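# Structural overview for review
Read off the chains here:
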Amino acid sequence: MRVFTELFSLLATQEAVLVTVRAHRGSVPREAGAWMAVFADRLLGTVGGGHLEWQAVQQARADLAAGVVGCAQRRYPLGPALGQCCGGEVELGFERIGAQDVSALQQRFDRQRAAWPPVALFGGGHVGWALVRLLAELPLRLTWIDSRDGIFPPEVPTQVVCEFSQPVQAAVAALAPGSHVLVMSFSHAEDFEVVQACLARQRQRADLPFIGLLGSRTKWATFAHRLQDRGFSPAELAQVTCPVGAPGIGGKQPEVIAVAVAAQLLQVMDRALACDGVNKDG
């Protein structure tokens, strides 16, 4: 994520106070693990905005100016005194950080990232690139796969691993367990082979919780008929979501499609993490 890169770059020359949501009760604007870094002249991240965040920023800058070191925890009731009617209570941690803390912070943020399921994106076209730019703002582990040499842009977000695979479906076998798969290659033939490989892996290992295919209902009807001819049952075919993307978001622009796909992906991930009792933010 760009915010991490900017944070570590700034810490090389100046100190900050890391404000973290340590705990909460009732209705609150952000979850445990949410953070912001407060520098003397700028902010990175957010703990929820509003008067809560304003007070936290003032406290953090006061700590910076006074040379306060170490960690402190403060409680903020979200009632009339803060001008926020959430009604809950937030416990914020205040921690002075500098260049010496970069390595430990990287490890901490890597642990948060590991709580997110991995994503495998097949297709380096316009929609794929729009989706990568969007997902790059999240601490996801993203593998971007295409069969065409030289298709990936010269610069991609640091957490994105670009992989050339020929044939493209050969990459399916090596995907990390728990991968959420998005299929949107440059050709229907490649899409079909990737989907078939995913279903074959599901039959053997059942470790791909989401398979999303970009396309129309007509495209999926054709794919489904061919896959049934190759021995896949209706129950197995039901594991594929096509067309992929949250319903109700119209438009054919790559960026609009990417928003719809990202929204559905987050819905699926949130349901799965809630069932597992996992907090991906802390």
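Scroll up a little and you will see the structure.
The present account deals with the structure reproduced in this document.

Thresholds, definitions, all that
Sequence order sets the numbering: in each chain, residues are counted from 1 along the sequence as written. It should be noted that, the model being predicted, local features are given only for residues of pLDDT at least 70 and side-chain atom pairs only at 80 or more, the latter also being counted only at that level, while totals for whole chains, interfaces and linings use all residues. Working from all heavy atoms in the structure, the side-chain values ignore hydrogens and water. Runs of E in the DSSP output that reach at least two residues are strands. Runs of H or I that reach at least four are helices, and both are numbered from the N terminus. Exposure classes here rest on a 1.4 Å probe applied to the protein chains alone. A residue is buried below 20% of its type maximum, exposed above 50%, and partly exposed in between. Note on definitions: a residue-residue contact is assigned when non-hydrogen atoms from the two residues lie within 4.5 Å. Only the protein chains shown count as cover for residues, with accessible areas throughout obtained via the Shrake-Rupley method and a probe of 1.4 Å. We treat Lys and Arg as the positive residues and Asp and Glu as the negative residues; His and chain ends play no part in the count. In plain terms, the charge of a residue is placed at NZ if it is Lys, CZ if Arg, CG if Asp and CD if Glu. In this description, strands pair whenever DSSP reports at least two bridges between them. Interaxial angle, 0 to 180 degrees, is taken between N-to-C directions of lines fitted to C-alpha atoms, where a helix line uses only the stretch in contact. In this description, one arc is meant: the one made by directions from the helix axis to the C-beta atoms. By convention in these notes, a salt bridge is any Lys or Arg side-chain nitrogen within 4 Å of a carboxyl oxygen on Asp or Glu. Residues belong to a common nonpolar core when they are buried Ala, Val, Leu, Ile, Met, Phe, Trp, Tyr or Cys residues joined through side-chain atoms within 4.5 Å. One less than the number of residues in a helix, times 1.5 Å, gives the span that helix is expected to have.

What follows concerns the overall build of the protein chain. Within the protein chain, the regular secondary structure consists of 8 helices and 11 strands. Dimensions of the protein chain, computed from C-alpha atoms along their principal axes, come out at roughly 70 × 40 × 35 Å. Burial analysis of the protein chain (282 residues in total) assigns 46% to the buried set. When contacts within the protein chain are restricted to residue pairs at least 6 apart in sequence, those whose partners lie at least 24 apart make up 60%. When the accessible surface of the protein chain is split by element, carbon and sulfur atoms take 55% of a total near 13,500 Å². Positive and negative charge centroids in the protein chain, built from 25 and 26 side chains respectively, lie 3 Å apart.

Across the sheet, 5 strands lie side by side as E3-E2-E1-E5-E4; this open sheet has antiparallel pairing. Each having just a single partner strand, strand E3 (43-45) and strand E4 (71-77) make up the two edges of the open sheet. Going across the sheet, the axis of each strand differs from the next one's by a mean of 25°, ignoring polarity. Across 7 bridges, the pairing between E4 and strand E5 (residues 89-97) is antiparallel. What sits directly across from Ala72, in E5, is Phe94. The strands touched by helix H2 (residues 50-66) within the sheet are strand E1 (16-25), strand E2 (35-38), E3, E4 and E5, with E5 carrying the most contacts at an inclination of about 30°.

Quick look at helix H1 (residues 2-11) now. Within the span of H1, buried status applies to Phe4, Leu7, Phe8, Leu10 and Leu11. End-on view of H1: buried residues confined to an arc of 160°, all on one side of the axis. In this fold, the buried residues of H1 make contact with E1, E2, E3, E5 and helix H3 (102-114).

This part is about the pattern of salt bridges. For the structure shown, the criterion picks out 13 salt bridges. Of the charged contacts, one joins Arg96 and Glu15 as a salt bridge, the two residues approaching to 2.8 Å between their closest N and O atoms. Of the two residues, Arg96 sits in strand E5 while Glu15 sits in the loop between H1 and E1, which places them 81 residues apart along the sequence. Glu95 serves as the salt-bridge partner of Arg108, at 3.3 Å between the closest nitrogen and oxygen.

Turning our eyes to something else, we now look at the nonpolar core. Judged by nonpolar contacts, the single largest core of 26 residues is most densely connected at Phe122, Val195, Leu199, Leu213, Trp220 and Leu227. Contributions of two or more residues to this core are made by strand E6 (119-122), strand E9 (180-183), helix H5 (188-205), strand E10 (210-213) and helix H6 (217-229). With 6 residues, the top contributor of residues to this core is H5. Not counting residues up to four positions away in its chain, the partners in contact with Leu227 are Phe192, Val195, Gln196, Leu199, Trp220, Phe232 and Leu237. Within the second largest apolar cluster, 24 residues are counted, among which are Val127, Leu131, Leu135 and Met184.

Note on placement: Leu78 falls in the loop between E4 and E5. Classification of Leu78 by relative accessible area gives buried; the value is 1%. Taking C-alpha positions, Leu78 is 10.0 Å from Arg25, a pair spaced 53 residues apart along the chain.

Right, let's talk about the environment of Gly231 for a bit. One can find Gly231 in the loop between H6 and helix H7 (234-237). For Gly231, a relative accessible area of 48% corresponds to the partly exposed category. Considering only alpha carbons, one finds Gly231 and Ala62, 169 residues apart in sequence, at a separation of 67 Å. In this structure, Gly231 is in contact with Arg203 and Glu236, ignoring residues within four places of it in sequence.

For H3, which comprises 13 residues, the first-to-last C-alpha distance of 18 Å matches the rise-based estimate of 18 Å (1.5 Å per residue) to within 8%. Residues Val102, Leu105, Phe109, Gln112 and Arg113 constitute the buried set of H3. Each buried residue of H3 sits inside an arc of 100° when the element is viewed along its axis, so together they form one side. Against H1, E1, E2 and E5 lie the buried residues of H3.

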